Amino acid sequence: MKICVLVKEVPDAAVEKRINPSTGRLDRSGEKNLNPFDTHAIEAAMQLKEGGAVEVDEVVAVTMGPESAQRALQKAVSLGADRSLQLTDEALAGSDVNGTGYALAKALESEAPDLVLLGQQSDDGECYTIGAVVADHLEMPSLTQVIKIDVERSGDEGRRKLRCERQAEYGYDTVLVELPAVISVGDAINEPRYPSLKAIMGAKKKPREEKTAADLGIEADRIGYDNARAHCADFKAPAAKEAGRIIEDEDTGETVEQIVTWLDERKLLA
């Protein structure tokens, strides 16, 4: 069984997110890191590999991004992935979710995985839908917000299945999915491990393959900013919030009266 985990390089959580006014796209300068939601997908893959319920031959980290994205792949392999694949090509820059999902699906086709895992969202665009787009192109079943994965034991080894529990608005669903499949995991599924120093150093020696759009037969008119179906037409920073009012509790009765008056002035009392 082969598991591919989709990962992404995103701006570090400490970096203020801004739109580049000249391109209408997210400003990706500054410190970058592996998308934290994807670490849960890597951990889910490792638990399947180490659990023994199914034989996992390898875990492959797959990303689409510029040269700097190899650092996200190094983090992914330090967390346990056996090797990595990077789809990198200037023609892919500015692709929307449709172009990105299509390109990633072509990369995955070259790997022929039995299972594709990814985090529920990216920490930058927070799109939530890339897994479904990839699954549609691969013609595989798709599950989202999965918080538990168990291998369904069956006498028919040719039809491997996973029993998955997923969060829903009304509670939880338990779904039996036949492989191959694409599964987006929620951050409640596990607690990602920390890479050891040995794993961090060893990550630099693990195989990393680079492929371009042409290598994978990706059609040029389906990727890139000019072919994106969604463009950012207008944007502005949110209005600054008014400074809050601090009431010192020197006299409880007076403090309560001030709070009630403040709420009443704004018609917030029933």
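What counts and how
Residues numbered from 1 in each chain as written. Predicted model: local features only at pLDDT ≥ 70, side-chain atom pairs only at ≥ 80, totals over all residues. Heavy atoms only, no water. Pairing = 2+ DSSP bridges. Helix = DSSP H or I, 4+ residues; strand = E, 2+ residues; numbered from the N terminus. Axes fitted to C-alpha atoms, helices over the stretch in contact; angles between N-to-C directions. Contact = heavy atoms within 4.5 Å. Core = buried A, V, L, I, M, F, W, Y, C linked by side-chain atoms within 4.5 Å. Buried < 20%, exposed > 50% of the residue type's maximum accessible area, 1.4 Å probe, protein only. Patch = residues over 30% accessible without salt bridge, like charges linked within 9 Å, V, L, I, M, F, W, Y side chains within 5 Å. Areas by Shrake-Rupley, 256 points an atom, 1.4 Å probe, with all protein chains shown as cover. Salt bridge = Lys/Arg side-chain N within 4 Å of Asp/Glu carboxyl O. Lys, Arg positive; Asp, Glu negative; His and termini not counted. Charge placed at Lys NZ, Arg CZ, Asp CG, Glu CD.

(A) Focus on the sheet that holds strand β1 (residues 2–6). On the basis of which strands lie adjacent, the open sheet formed by 9 strands has the order β11-β10-β9-β12-β8-β1-β6-β7-β13 and mixed pairing. Of all strands in the sheet, those bounded by a partner on one side alone are β11 (171–178) and β13 (208–211). Between one strand and the next, the sheet's axes are offset by a mean angle of 30 degrees, whatever the strand orientation. Here strand β6 (residues 58–64) pairs with strand β7 (residues 83–87) via 5 bridges, running parallel. For Ala-61, the partnering residue across the bridge sits in β7 and is Ser-84. Strands β1, β6, β7 and β8 (115–119) of the sheet are contacted by helix α3 (residues 97–109), whose axis makes an angle of about 145 degrees with β6. Each of β1, β8, β9 (142–152) and β12 (181–185) is contacted by helix α4 (residues 130–138), which is oriented at about 180 degrees to β12, the strand it contacts most.

(B) Summary view of the nonpolar core. Ranked by size, the top nonpolar core spans 35 residues in total, and within it Ile-3, Val-5, Leu-115, Leu-117, Ile-149 and Ile-183 carry the most contacts. For this core, the secondary structure elements donating two or more residues are β1, α1 (36–51), β6, α2 (70–78), β8, β9, β10 (161–168) and β12. When residues in this core are grouped by element, the largest group, 6 residues, is from α1. Judged by nonpolar contacts, the second largest core, of 25 residues, contains Leu-87, Ala-103, Ala-213 and Ile-218.

(C) Just the pairing of β10, in detail. As judged from the 6 bridges shared by β9 and β10, these two strands associate in the antiparallel manner. Along β10, the bridge assignment pairs Val-151 with Leu-162. For β10 and β11, the ladder comprises 8 bridges, and the chain directions are antiparallel. Pairing of Gln-167 across the sheet is with Tyr-172, part of β11. In textbook terms, the turn of a hairpin is the stretch between consecutive antiparallel strands, and for β10 and β11 this stretch comprises 2 residues.

(D) Inspection of a negative patch on the surface at higher detail. On the surface, a cluster of negative charge is made up of Glu-248, Asp-249, Glu-250, Asp-251, Glu-254 and Glu-257. Relative to the elements of secondary structure, Glu-254 occurs in helix α6 (residues 252–265). Exposure remark for Glu-254: the relative accessible area of 46% places this residue in the partly exposed category.

(E) Unusual backbone geometry, seen in detail. A cis amide bond links Leu-179 with the next residue in sequence, Pro-180, at an omega value of 5 degrees. Position of Pro-180 among the secondary structure elements: in the loop between β11 and β12. For Tyr-128, which is not a glycine, the phi torsion comes out positive at approximately 70 degrees. By the element assignment, Tyr-128 lies in the loop between β8 and α4. You will see that Gln-145, though not glycine, has its phi angle at about 55 degrees, which is positive. Looking at where Gln-145 falls in the secondary structure, it is placed in strand β9.

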